[in-house]
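# Observations on the three-dimensional arrangement
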Amino acid sequence: MATKGNPGDNRSRSSLSSLLIVAGLCCFFYVLGVWQKSGFGKGDSIALEITKKAEDCGILPNLEYETHHGNQSTSFDDPKQDIKEIEPCGEQYIDYTPCHDQMRAMSFPRENMNYRERHCPPDEEKLHCLIPAPKGYVTPFTWPKSRDYVPFANAPHKSLTVEKAVQNWVQYEGNVFRFPGGGTQFPNGADAYIDQLASVIPIDNGTVRTALDTGCGVASWGAYLFKKNVLTMSFAPRDSHEAQVQFALERGVPAVIGVLGTIKLPYPSRAFDMAHCSRCLIPWGANDGMYMMEVDRVLRPGGYWVLSGPPINWRINYQAWQRPKEELEEEQRKIEEMAELLCWEKKHEKGEIAIWRKRVNNEYCRERDSRVTLCESSNAENVWYKKMEACVTPYPETTNSDEVAGGELKPFPSRLNTVPPRIASGFVPGLSVESFQADNKLWKKHVNSYKRVNKILDSGRYRNIMDMNAGLGSFAAALESPKLWVMNVVPTIAEQDTLGVIYERGLIGIYHDWCEAFSTYPRTYDLIHANGVFSLYKDKCNAEDILLEMDRILRPEGAVILRDHVDVLTQVKRIATSMRWNTKMVDHEDGPLIPEKVLFAVRRYWVVGDNNSTVSD
C-alpha cells in the first residue's frame, strides 16, 4: 500500500517548483529584454506601451517646465535620503567665468593675447557653490524678439551703451537693452551689410551654412545671418567691453569667450564655409601670418574669408582711422602677401570690404608649396591647448583639378542627413555609412521619447541648447528648427573625434574637456543634454564638479536631460537634488529591463539673496 508523503517532502517539492518558476521567469524576461533591445519583432512596441502606462501614472509629477520667476517648492523620490546641501556663492560671482577670470588673467603675459586665453583654476581653487542669478532675472524673450531685446536685469552692464553709442551696437531703453543691428562696419544695418556680402558669396542657396565670426562684438552679424539659414559660431574675448558674449547668448545667438592668441582654435579642420572679421582688431599680418593660417585650417576648401575695416581701403580712410597711412599700407601688403601664400583667390574689394576664397584643392597651389611650411596633417584636429603654428594645413588629396578636397558638401538642409564625406571616405576610424544611418534613426527615436516627457521641447521655449557629448550630432539633427540651435560639444577624451562630421552636416560645435569650465558666462543655456558624459568621465574628474558647471551655465528654470547607466544616474541624481534641481528618473524607451535610464531635471528659479534651503523638507 502506498504511503502518503510527509509535509516536509511537499514543502521541498513546492520550493523546487518555486525556484524553477522564478528561474523560468528570469530567463523569459532576459530573452524579452534582449529581443526588445535588438529592435526585432514587436519588442519596441511592447516596451513603448509599458513606458506610456508609466507616464499615465504620473511618472513626472514634480517637474515643472513652464516659467514662474519665483521660488518653487520641490519634492523628490525619496525625501528620507541624507542629501548634502550645496550652498549659493556670494553676489560677487554672479557673472563668474572660471577659466576667463579677470584677476587670474592679469598674471599671464600680454604678448599675443595670451592673458585673454583659457586659464582655469586648479582643483583647490574651484568654487563648490551655486552661481546665483541677479535680482530681477527673467526668462529671455523668445526668438526672434530676443534678437533685438534683452532684459536689463539679466545682464545689468551699461558700459557698451556708452563706449559704442555712436556705432549703434546697443541702446538702453527703460528695463531692456535694444540691439538695432548696427555695427562699426555696417552703419546701414546688418541686413544691408549681409546683402553686400551675398552679392559675392552664395549665402542665399544653402552653400554657405556654417560661419565663424572672429572678434564678434555683440554678434549682430551672426544674429542677422539666421534669416539666411546660416549658423554662425561667434567669439570674442572677455575684455574691457563688458559682456559682449553674454549679450550675444542672451539674444539667442551662438557665441563663446575666445580669442586668437597662442593656442589653436577649438574647432576641427575644414569646418566653416565662411569666416568673418569686421574691425575685429586682430593683427592678421603679424607672427608670420599665423592667425591667417589658423583661419585657413578651419576654413573648408572653397570657403570664403571676409575682412572689413582697417586696413582695407586705407588710402581713403587713414585720416578717419587716425593711423599713419604708411602703417596701414604695410598692414594690407602683409595680408595680401599671406593670402597669396595660402593660395586664396581674391574675389572682391569695394569700399572697406575685401573677400577671398580658399581654393577647392591643392592642384591650384603647386607653385606655393616651396614657399610655405606645411603642417603635419595628423595634427590638424589635435588642437586642445596645442600651440598655434606658423604652418599651412595641407589639403586632403584629390585626383583631379575639379574635385573638392575632403569631399563636396550638399547645400543645406540636404547635407543634414546626407552621409558626410568624412564617413563615406573612412576618415573617422570605426564609423561607416551604416552606423551613421543607424545613429540618425536611434536619435530620432530618443528625441521623440523626450518630447513625450517635455512637451515644450520644440515650442521655442528653449533657444540655446547644448549637447555635452554630441557624437555624430544626431540629437541636434533630430531637433533641427529655426526656433533653436545646438552647441555640439565633442569631449577631448571621446573615443572618436566626430566634430568634423558634425560640421559637415551643417551643424556647429566645439571641443571641450568637461573636467574644466566651459568658455561661457553663467545662465547662457536653456537646455542641456548629456549622453554618457558621467560614465565617460568616471575616472577622470569629480561628477559634482561637472554638475556644478552645468548648473552655472544653465538658466533658472532651464531643463536637463541626462542619459546614462542606472548606477551612474542614481549617484548623479543625489548630487542634482542638492543643487535646487527638480529631478525624475525614467526608463529607457525600450522598457525597464534596459540598464540605461534617462534623468530629467529642471533647475529651480532663485536669485541672489534667496536663503531658502536647496532641499525641501
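Note that this is a predicted model, so its numbers are computed, not measured.

### Considering the confidence of the model for the protein chain
Scored by pLDDT, the protein chain has a mean of 86; 84% of the residues are at 70 or more. In the predicted structure, residues 1-17 sits below a pLDDT of 50 and forms zero contacts with residues beyond four places in sequence or in another chain. Confidence over residues 69-80 falls short of pLDDT 50; this stretch has 26 contacts with residues more than four positions distant or in other chains.

### Digging into the nonpolar core
Among the nonpolar cores identified, the biggest contains 138 residues, and Tyr 267, Met 274, Trp 284, Trp 305, Met 487 and Met 550 are the most heavily contacted of them. At six residues, helix α9 (residues 290-298) tops the list of elements feeding residues into this core. Counting nine residues, the second largest nonpolar core, distinct from the first, contains Val 170, Phe 177, Ala 243 and Phe 247.

### Section: the packing of helix α17 (residues 543-553) against helix α18 (residues 566-577)
With their axes 10 Å apart at the nearest point, α17 and α18 run at an angle of 50 degrees to one another. By the angle class used here, α17 and α18 are oblique. You can see that α17 and α18 cross each other, and the crossing is right-handed. Contact residues: Ala 543, Glu 544 and Leu 547 in α17; Val 572, Ile 575 and Ala 576 in α18. Along the lines of polarity and charge, the residues of the contact of α17 with α18 split into five nonpolar, no polar and one charged.

### Remarks on the sheet that holds strand β16 (residues 581-587)
Strand order in the open sheet made by the seven strands is β13-β12-β11-β14-β15-β17-β16, with mixed pairing throughout. Only two strands of the sheet have a single partner each, and these edge strands are β13 (508-512) and β16. Averaged over all neighbouring strand pairs, the angle between strand axes comes to 20 degrees, with direction disregarded. The sheet contact formed by strand β15 (residues 554-565) and strand β17 (residues 596-603) spans seven bridges and is antiparallel. Paired with His 565 across the two strands is Glu 596, which belongs to β17. Packed on one face of the sheet, helix α13 (residues 433-453) meets β14 (525-531), β15 and β17 and runs near 130 degrees to β15. Of the strands in this sheet, β11 (464-467), β14, β15, β16 and β17 are in contact with α17, which crosses β15 at around 145 degrees.

### Digging into unusual backbone geometry
Omega for the peptide link from Trp 143 to Pro 144 comes to 10 degrees, which places this bond in the cis form. With respect to the secondary-structure elements, Pro 144 resides in the loop between α3 (102-105) and α4 (145-148). At the junction of Phe 412 and Pro 413, the peptide bond is cis and its omega measures out at 15 degrees in the coordinates. Although it is not a glycine, Gln 322 adopts a positive phi angle of roughly 55 degrees. Locating Gln 322 in the fold gives a position in the loop between α10 (314-317) and α11 (325-341).

### Comments concerning the sheet that holds strand β1 (residues 149-151)
Overall, antiparallel pairing links the three strands, which are arranged β1-β3-β2 in an open sheet. At either end of the open sheet lies a strand with only one pairing partner, and these are β1 and β2 (171-173). Averaged over all pairs of adjacent strands, the angle between strand axes in this sheet comes to 30 degrees, irrespective of strand direction. As judged from the three bridges shared by β1 and strand β3 (residues 176-178), these two strands associate in the antiparallel manner.

### Some points on the pattern of salt bridges
Under the definition given, this model contains 36 salt bridges. The residue Lys 126 makes a salt bridge to Asp 123 at a minimum N-O spacing of 3.1 Å. Take Asp 123: its relative accessible area is 56%, and that puts it in the exposed class. Across the pair Lys 451 and Asp 458 runs a salt bridge, and its minimum N-O distance is 3.2 Å. Residue Asp 458 is classed as partly exposed on the basis of its relative accessible area of 34%. Through salt bridges with shared partners, one network takes in Asp 123, Lys 126 and Asp 545.

### Some points on the state of the cysteines
Any covalent bond linking the sulfur atoms of two cysteines counts as a disulfide. Within this structure, the stated rule accounts for six disulfides. Each disulfide pairs two cysteine sulfurs, and for Cys 343 the partner residue is Cys 365, the sulfurs being separated by 2.2 Å. Residues Cys 343 and Cys 365 are joined through a disulfide that is left-handed, its torsion about the S-S bond being -95 degrees. A residue pair is termed long-range when its members are at least 10 positions apart, and Cys 343 in the loop between α11 and β9 (344-350) and Cys 365 in the loop between β10 (353-358) and α12 (421-424) qualify at 22 residues. With respect to burial, Cys 343 and Cys 365 carry one shared label: buried. Sequence-ordered numbering of the disulfide-bonded cysteines in the protein chain gives the connectivity 1-4, 2-3, 5-6, 7-8, 9-10, 11-12.

Conventions and cut-offs
Residues numbered from 1 in each chain as written. Predicted model: local features only at pLDDT ≥ 70, side-chain atom pairs only at ≥ 80, totals over all residues. Heavy atoms only, no water. pLDDT = per-residue confidence, 0-100. Contact = heavy atoms within 4.5 Å. Core = buried A, V, L, I, M, F, W, Y, C linked by side-chain atoms within 4.5 Å. Buried < 20%, exposed > 50% of the residue type's maximum accessible area, 1.4 Å probe, protein only. Helix = DSSP H or I, 4+ residues; strand = E, 2+ residues; numbered from the N terminus. Axes fitted to C-alpha atoms, helices over the stretch in contact; angles between N-to-C directions. Parallel < 35°, antiparallel > 145°, perpendicular 65-115°, else oblique. Left-handed = near helix turned anticlockwise from the far one by under 90°. Nonpolar A, V, L, I, M, F, W, Y, C, P; charged D, E, K, R; others polar. Pairing = 2+ DSSP bridges. Salt bridge = Lys/Arg side-chain N within 4 Å of Asp/Glu carboxyl O. Disulfide = S-S within 2.5 Å.

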